[in-house]
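Residue-level listing of the chains:
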Amino acid sequence: MLAKRAVQYAKGIRALPPYLFAEIDLRKERARKKGVDIIDVSIGDPDLPTPPHIVEALYHAAKDPENQRYPSYEGMLAFREAVAAWYQRTKQVTVSPEDEVLTLIGSKEGLAHAAFAFLEPGDHALVPDPAYPVYHNATIMANAVPHAVPLPEDHDFKPDFDRLDKNVARQAKILFLNYPNNPTAAIADEAFFKAVIDFAQDNELIVLFDNPYSELIFDGYESPSFLAVKGAKEVGIEFNSLSKTYNMTGWRIGYAVGNADILKGIRMVKTNIDSGAFQAVQEAGIVALSGPQDCVSQNVAIYQRRRDILVEGLRAAGLDVEKPHATFYLWVKVPRGFETAASPSIEFSMILLEQAGIVVTPGVGFGKHGEGFVRFTFCNSGERLAEAGARIQKLNF
Ligand SMILES: *Cc1c(COP(=O)(O)O)cnc(C)c1O
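Quick summary incoming for the structure in this document. Quick caveat: nothing in here was measured; it's all calculated off a predicted structure. (Residues numbered from 1 in each chain as written. Predicted model: local features only at pLDDT ≥ 70, side-chain atom pairs only at ≥ 80, totals over all residues. Heavy atoms only, no water.)

**Re the site of the ligand**
Formally: Working definition: residue near molecule or strand if any one of its non-hydrogen atoms lies within 4 Å of it. Counted as a polar contact is a pair of N or O atoms within 3.5 Å, where, for protein atoms, one must be capable of donating a hydrogen and the other of accepting one, and residues adjacent in sequence contribute only when both atoms are in side chains. Each accessible area value is a Shrake-Rupley result obtained with a 1.4 Å probe; residue values ignore everything except the protein chains displayed when judging cover. Under the scheme applied, nonpolar residues are Ala, Val, Leu, Ile, Met, Phe, Trp, Tyr, Cys and Pro; charged residues are Asp, Glu, Lys and Arg; polar residues are all the others, including Gly.
In the vicinity of the ligand, 14 residues are found, and the nearest of them are D210, Y213, S241, S243 and K244. S107 places a main-chain nitrogen or oxygen 2.7 Å from an oxygen atom of the ligand. Protein chains shield 94% of the accessible area of the ligand, which is 390 Å² for the free molecule. Of the residues contributing to the shell around the ligand, the split by class is four nonpolar, six polar and four charged.

**Side note on the packing of helix α5 (residues 107-118) against helix α6 (residues 134-141)**
Quick note on the threshold: Axis definition: a line fitted to C-alpha atoms, limited for helices to the stretch in contact. Angles are taken between N-to-C directions and run from 0 to 180 degrees. Helix and strand labels come from DSSP, where a helix needs a run of H or I of at least four residues and a strand needs a run of E of at least two; each type is numbered from the N terminus. Put simply, a crossing is left-handed when the front helix is turned counterclockwise from the back one by less than a right angle, and right-handed when it is turned clockwise. By definition in these notes, contact holds between two residues if any of their heavy atoms fall within 4.5 Å.
Contact geometry of α5 with α6 gives a least axis separation of 8 Å together with a crossing angle of 35°. Every pair of crossing elements has a handedness; the one defined by α5 and α6 is right-handed. Residues K108, L111, A112, A115 and F116 of α5 form the contact with α6, whose participating residues are V134, Y135, A138, T139 and M141. Tallied by class, the residues present in the contact of α5 with α6 amount to eight nonpolar, one polar and one charged.

**Here's the deal with the pairing of strand β3 (residues 124-129)**
Regular strands show a simple pattern: their side chains alternate between the two faces of the sheet. Applied cut-off: Residue burial is assigned from relative accessible area. The probe radius is 1.4 Å, only protein chains are included, and a residue is buried under 20% of its type maximum, exposed over 50%, and partly exposed in between. The pairing criterion for strands is at least two bridges between them, as found by DSSP. Look down the strands so they point away from you; if going from the first strand over the helix to the second traces a clockwise path, that crossover is right-handed.
Within β3, six of the six residues are buried, which leaves the element mostly enclosed by the surrounding structure. With burial as the criterion, each face of β3 is covered, one bearing H124, L126 and P128 and the other bearing A125, V127 and D129. Pairing analysis gives six bridges linking β3 to strand β4 (residues 145-150), with the strands arranged parallel. Paired with D129 across the strands is P150, a residue of β4. Remark: the β3/α6/β4 crossover connection has right-handed handedness. Here β3 runs beside strand β5 (residues 172-178); their pairing, made up of three bridges, is parallel. Of the residues in β5, the one forming a bridge with L126 is L175.

**Section: the environment of K158**
Within the fold, K158 resides in the loop between β4 and α7 (166-171). Among the residues examined, K158 registers a relative accessible area of 12% and is labelled buried. Sequence separation between K158 and Q279 is 121 residues; the distance between their C-alpha atoms is 38 Å. The contacts of K158, once residues within four sequence positions are left out, are P150, L151, P152, Y179, I187, A188 and F192.

**Focus on the packing of aromatic side chains**
Our working rule: A pair of Phe, Tyr and Trp rings is counted when the ring centres sit within 6.5 Å of each other, with Trp represented by its six-membered ring. The angle between the planes then sorts it: under 30 degrees is stacked, over 60 is edge-to-face, the rest tilted.
Going through the model one piece at a time under the given rule, you end up with 21 aromatic pairs. On the numbers, 6.4 Å between centres and 70° between planes, the contact of F79 with Y255 is edge-to-face. Here F79, found in helix α4 (residues 77-91), pairs with Y255, found in strand β8 (residues 254-258); they are 176 residues apart in sequence, far enough to count as distant. A residue is classified by how much of its surface remains accessible, and F79, at 0% relative accessible area, is buried.

Take a look at the structure:
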């Protein structure tokens, strides 16, 4: 008889943090089975459909046999040209479609592969905390060391480079950043970007700037590109995506723009792992980026209305919330009374689930500096968000 062999996962996989939301998922399922009317505001995934003209473009492009073959690794030149034109038009940033644009199978793919392109075992990466978990986890999978850079509330959820250990900064090889920010909804301005560039120059860092919320902007706010600031292209690249702008999360299409040498590193990883984005999806992406943009403003108007409904409801419930100028997130401080809990953000999330049927994400899931907050999203209808507010108003906490 063959002995059963123990499967040994690779070190980088074993070192991944445990999945924090397992307990919440379990309780959510249990509540759903009991017939509780669940309002899920925990997921950052648009509930609105992809605009029909983009779906139509995919339909036509999929029928072309040319598009059914292996695509090129760096993406179709026509898609990269559409990206370059979009950056010129909306962000006043000039990039060459030849070597300063790289097509990605969603920006998540590029962010994770960037870790493999630049980090050797034992190298350090500066990872914001709280943050989108991919930065931390891709660093771990590359057997490198993530170093948490706190995003303090008293610094508008931006890193304070003066408070960072000088040796840690010097030791690090890459810096991840993301504004407008998931999960805090914080925004950044040109002065901050200048400080980032100086910091990167001083410490010889590669800046990986993640910008998927650049178009989900409210109240006339214009979200600047990191690359619009002088010197940015010498130190970094910017990731962007069609996912959130055009409700295309399922399509897996994004891109990175900026420093050609940095992009080349990611391209080398991709060449050996994937074979590029489906050309029909790139064709539809061209239509999204180059076609009429009123679908984006309609989207934004919907989110802005939802934001106002949710903020109003939560304020009426006595919660301390500010209206964000971008993203579809609300970063809400856990109310008083939870200070003694092992994790106030998990405890408060459990109360919302068990007593109101509302699913939010505990802030600690985005890193230990996310403790003390929970994240709501606007990826649910105005009616449901109003209902969520009404239910929370009835709670005693
Ligand atoms: C949604 C999201 C992404 C991923 O976008 P895809 O292009 O769909 O992979 C990347 N970064 C952040 C911060 C996000 O919230």
